[in-house]
Every structure is written in structure tokens, then in C-alpha cells.
Amino acid sequence: MSQLFYLLLFPAFCFPLSARAKAVPPSVPAVSVRMVHPDSQELDRERSPVPEGYTPYTYEFRDRHGKMQRERLFLKNTPIITESEVEQARIEPERRECLHITLNTQGGKTMKAATSAMNLGRDRLALVVQGKIKSAPVVQAVISRTFEISGLDGKNEASGLAELLNRRASTEKNTPFIPQDLALYAVHPESRRLVEEGALRVPGFRLWKLPAHRQGKTGEVEYLFLGNSPIISGDCARHAEPDMEHPGSLDITWNEEAFRKLERASAGLRPGKDRIAVVLRGTILSTPLFQGMPSRTTLIPGLGDDSRLDALCRAINNTRLPLTEQQKRHVRENVALFPIHPRSRELEQHFLPELLQGKSIRLKSGFHSIPYTCPDFPNPVRTYVFIRPESLIGPEDIQEVERDQDGTISCQLLPGAWEKALAFMKANPAGQVEAAVVFRGNMRLRFEIKRFSLQLWGMPVLDSIQPNSFIYLPEPEEEQRMYRESFHLAIYGFLEPVCPWFFKSSPVFRAWGSRRPFLMIDSSLKGP
């Protein structure tokens, strides 16, 4: 499973000041990550000759006080990775100065091997862009396919670098697959016996020919009975990425509908006995043994080399394309934040018969009812909320709109966007209010805005509301999944120490909150 590791900047004032090195190799990649000589400081201090295989660079940066500093670093000539290994670069919504990098499979293996051999907490890596060092952090953990680069303090430096990397990556991406090319089929539990008996037709199943590389040493053609239709296919996936611990395998996270299909199909399979077939473009790649009830993340084995893994990941992950300018404009025009009536729940109960009949209730004060599907345990609940017609946040308050891979739309707000909300809070005797996020006329989220006040000697010195720079619009199924998993984790952490047997025997908790893959590495057709 991929993990996110951070490259934390070492305090800049700990390094010596030197501006003697200005030599840069004449030909370097546009973007590269290079290893810093572990004794770079001592070599610079003692004015030692340049070590063989290294090149001196000048690293200019600002210390914690904002003062420009210079440092001489010796970087290895051979880069660990270059822009050609970058699969995607993006900016964290709430940390615009940081760059989140995702490498392709080969780049992830190379980075993992390089950082595994480093002295963590001491050795450094350098990000070199157009021959200049942009960041030189200390490596704090082993890095794989994903990592974050901090220290990009120039104006729009992180966004400019992300654009450069993504532009280069898009020109080299060739996606020969479509998501539907990958599918999981149920293998008939008596497939071997039926084939040996010469059966050609089995209700609900059809005969498949195994590829040559999966046939036995006897040279005879082997066959397998698979279900008529797949259990699920790649178009039901939310996200896919190569598994670094199991070469040639893929981690796929399914959407809510696919997970339910997979769970229903798995209910009829016997753990440790039955198998599931992994099929790519009509070819059986592997037949892993079913191990138990699934989680939302599945390990798909037997997909082959790195290039095929990367191409299949792109086919699945690119189903959610970035928002176009027209789509962003449409989001701005249709998202708003409305205050909720302080007695909304009481009003809901009072007018519930009319609300259930589909009527809209409008109060004399201007507040009116709006339906809201609230995520709840175990299923969503239909409720009603009374909101004010005038919004606290409107299209003029939104600076940027982006869509994440899971489908969540984030709206970054302008610095002064909360001034209207603050004025509303000051006029509210309770000092706080619930707010409703409405998108395209449908309520998508409710949360509480709190007011913070600080006084010294009875004089107010600070009066603000809960800081929130973004409005998030998750997809309904994603919101429900997050609610269920957080509910599971809360209950699990509270009760598991005193009654662990409950979580082992209760089917409700067997997979919620778990990301452990349930398909293991293929062990061939001859047995477990």
C-alpha cells in the first residue's frame, strides 16, 4: 500500500554560509531528485576537492527569519529520479507551498531502494529544477511512490513546478487500456472435475481457455469454468495504484456499489477453497485463492510488468478528469452557504407530516425548508432543515475550484470571504450558528460555525469565527463511506479492548474502516 511520507526541512541556520560553488553540469534534466553527499558540510568547510561522481551546486534559501542564505552542496551526478518518472504532481489544497508527487512504478521502486539505504534523519535529497536547487530537505522516512516536497517558498513556485511536471507527464502517457478491460470472475468450485469429465456446458458458467504461460508442463491445453458475467470490473473503481510490496500487483479501491456487489458474491465463496479469476482483455492472468470477506481495497495479482501496471492505473484514475473552466464557473454559480434556523430540529418535527408529503414550508421570518440526506448508521437518513434565503458565502467569495480523485469538489475561498459570516455571528445572540452547504439547489453538508473571542482586562482584542478556507462537496456515497468508517473506528477504539470477541463475530464490523487487501498472491490452479 502506498503511504505518504514528508520531507521535512532541516533548520536552515544549522548549515554553514558559503557562496563559492557556482558550477552546474552543462546538461541536466529539467527536474530531478539527487542525493546530497552525506559529508557535504565537512567537505565545504575543509575546502576539499569535489568528490568523484558529484557536482557542486549553490543552494539559496530563506531561513526561518526570512533572511536569504547560501549553502554549498555536492550532488550526485546520476539522479535518483527525473521528471520522466513522475506520474502526477499536485498542490495540497490547504498547503499551497507544498508539492505532492506521485511516481510511476519504476520510479517508486528506485526511490524506495535509494532512501532505504540512507541514514534517515541525517542524509538529504535535493530537488533540482532547471539546474537550480529548489529544496534540500533531510529525509525522515523511507519514500516510495508518493512523497511531499516542502520549502518551495517562491511566489507560485509549487504550482508552476506542478504544471511543468504534469505537462511533461501528459506528453509521455499512453493508455492502451480502458477500465472495463479489467474484471473479476467467480471460478466454478468444481471446475477441475467438470473439465476432467469433459463437460462443455454448465448453467451460469462458460468455458475459458487458459493462456499458454499458465498451462501445465504436460503441454495439454487447460480450461476453466468462469461465471457468465464478471463480479465487478475496473469501471467500478475509485482509485488504483501499484502495490510496492507485491511486484506485478495492483491495489484497487472500489466505490460503494462495487463493494456491495463484491460482498454479495463473496458470501457464496469458501475461504481457502474457492478462487476468483483476474481477467484482462479476455485473458486469465491469475486465479488467486479467496481468503475471506472483502474490504474496499483489493490486491489484484498477476498483472505483469511495470508499464502495464502504470497504464492500467492511468486508465482507471483518469476517469475523473480535472474540471474545465466552464465546469468551475458552474460550481461557483451553484454553491452557497446558508445559515440554519437555531430551532430547525423543532420545526422539522412540528411540520414533519407536511414535509413527508413533499410540501415546502416557508416561515414568516423568511426561513424555508430544504430536504437533506444525512449520513447515518447504518444507512443515510432523510431529514429536513430550515435555512435563510440570503447566503453567507456566494460565487463572489470563491477563489478556486478543484476536483479530487475521489470526486470531492473543493472550493477555495478568498481571504475576506468570512466577513459576512462574522457579521451574522455578531448579530446572533448565541454566538454560533449551524450552516448548510447547498449545491445545485440540494443541501450537501451541515456544520457548526463557532465564534472565538479573546479579551484582556475586559477589552476585546480578537473576534473571529472558526477558520475555514475551503468548502468541500463530497459525493454522497463518499460522504456516507467516510461517516461509516469513522463510526467504525470510534466504536472499535472504545470497545475492542474490553470485548474483542464482538468484532470477530459481528459481520457489521468485519470490513468497515479496513484497507487490508483480501485477495492474496496467486498460487496457481494446483492448490492453495
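Scroll up to find the structure.
Predicted model only: the values in this text are computed from it and were never measured.

The rules behind the values
- Residues numbered from 1 in each chain as written.
- Predicted model: local features only at pLDDT ≥ 70, side-chain atom pairs only at ≥ 80, totals over all residues.
- Heavy atoms only, no water.
- Helix = DSSP H or I, 4+ residues; strand = E, 2+ residues; numbered from the N terminus.
- Buried < 20%, exposed > 50% of the residue type's maximum accessible area, 1.4 Å probe, protein only.
- Contact = heavy atoms within 4.5 Å.
- Areas by Shrake-Rupley, 256 points an atom, 1.4 Å probe, with all protein chains shown as cover.
- Core = buried A, V, L, I, M, F, W, Y, C linked by side-chain atoms within 4.5 Å.
- Salt bridge = Lys/Arg side-chain N within 4 Å of Asp/Glu carboxyl O.
- Patch = residues over 30% accessible without salt bridge, like charges linked within 9 Å, V, L, I, M, F, W, Y side chains within 5 Å.
- Pairing = 2+ DSSP bridges.
- Axes fitted to C-alpha atoms, helices over the stretch in contact; angles between N-to-C directions.
- Nonpolar A, V, L, I, M, F, W, Y, C, P; charged D, E, K, R; others polar.
- Arc of directions from axis to C-beta.
- Polar contact = N/O pair within 3.5 Å; in protein donor to acceptor, adjacent residues only side chain to side chain.

The helix and strand inventory of the protein stands at twelve helices and 29 strands. Looking at the protein residue by residue over its 528 residues, the buried ones come to 47%. Partitioning the contacts of the protein with sequence separation of at least 6, the portion at a separation of at least 24 is 67%. Carbon and sulfur atoms make up 53% of the accessible area of the protein, which amounts to about 27400 Å² in all.

Our next topic: the nonpolar core. Counting residues in hydrophobic clusters, the biggest one holds 27 residues, and the most contacted among them are Leu-250, Ile-252, Trp-254 and Leu-303. Elements with a minimum of two residues in this core: strand S12 (182-186), strand S16 (237-242), strand S17 (250-254), helix H5 (256-266), strand S18 (276-280) and helix H6 (306-317). Among the elements that make up this core, the one with the highest residue count is H6 (six residues). Listed in part, the 25 residues of the second largest apolar core include Val-31, Leu-125, Leu-152 and Leu-161.

Next up on the list: the pattern of salt bridges. On inspection of all chains with the given rule, the structure shows 20 salt bridges. In this structure, Glu-60 engages Arg-70 in a salt bridge whose closest nitrogen and oxygen atoms are separated by 2.8 Å. Of this pair, Glu-60 sits in strand S3 (residues 54-62) while Arg-70 sits in strand S4 (residues 68-76), placing them ten residues apart in sequence. Here Arg-124 and Glu-71 are joined by a salt bridge, their closest N and O atoms 2.8 Å apart. Of this pair, Arg-124 sits in the loop between helix H2 (105-116) and strand S8 (125-129) while Glu-71 sits in strand S4; the two residues are 53 residues apart in sequence, bridging distant segments of the chain. We note that Arg-124, like Glu-71, is buried. Counted as one network, the salt bridges with shared partners bring together Asp-39, Arg-122 and Asp-123.

Attention now goes to a nonpolar patch on the surface. Side chains of Leu-200, Leu-207, Val-221 and Tyr-223 sit close together on the surface and give an oily, nonpolar patch of about 350 Å² of accessible area. Relative to the helices and strands, Tyr-223 is located in strand S14 (residues 223-227).

It is worth spelling out the sheet that holds strand S29 (residues 470-473) at this point. Pairing within the open sheet is antiparallel, and its three strands lie in the order S24-S25-S29. With one partner strand each, in any of the chains shown, strand S24 (398-403) and S29 form the two edges of the open sheet. Strand-to-strand twist across the sheet, computed as the mean angle between neighbouring axes with direction ignored, equals 15°. Looking at chain direction, strand S25 (residues 409-413) and S29 are connected through four bridges and run antiparallel. Paired with Ser-410 across the bridge in S29 is Tyr-472. Contacts from helix H7 (residues 325-334) reach S24 and S25, with the element oriented near 120° to S24.

Here H2 crosses H6 at 115°, and the two axes come no closer than 8 Å. Taken together, the residues of H6 that come into contact with H2 (itself represented by Thr-105, Gln-106 and Lys-109) are Asp-306, Leu-309 and Asp-310. Of the residues contributing to the contact of H2 with H6, the split by class is one nonpolar, two polar and three charged.

Spatial ordering of the open sheet is given by S15-S12-S18-S19, a layout of four strands whose pairing is antiparallel. Here the strands that pair on one side only, and so sit at the sheet edges, are strand S15 (232-233) and strand S19 (283-286). Relative to S19, S18 runs antiparallel, the two sharing three bridges. Looking across to S19, one finds that Val-278 is bridged to Ser-286.

Before going further, it helps to spend a moment on the environment of Tyr-372. Looking at the element boundaries, Tyr-372 is found in strand S22 (residues 368-374). With a relative accessible area of 3%, Tyr-372 lands in the buried category. For Tyr-372 and Arg-444, which are 72 residues apart along the polypeptide, the C-alpha to C-alpha distance reads 7.0 Å.

Of note in this structure, Gln-130 is not a glycine but carries a positive phi near 50°. The exposure class assigned to Gln-130 is exposed, which follows from its relative accessible area of 56%.

Attention shifts here to H7. Among all positions of H7, only Lys-328, Val-331 and Arg-332 are buried. Each buried residue of H7 sits inside an arc of 100° when the element is viewed along its axis, so together they form one side. Those residues of H7 that are exposed and aimed more than 90 degrees away from the buried face are Gln-326 and Glu-333.

The next point concerns H5. Among the residues of H5, those classed as buried are Glu-256, Ala-258, Phe-259, Leu-262, Glu-263 and Ser-266. Each buried residue of H5 lies within a common arc of 160° when the element is viewed along its axis, so the set occupies one face. For H5, the exposed residues lying more than 90 degrees away from the buried face are Glu-257 and Arg-264. Between a side-chain oxygen at the N-terminus of H5 and the backbone nitrogen of Glu-257 the separation is 3.4 Å; the capping residue is Asn-255.

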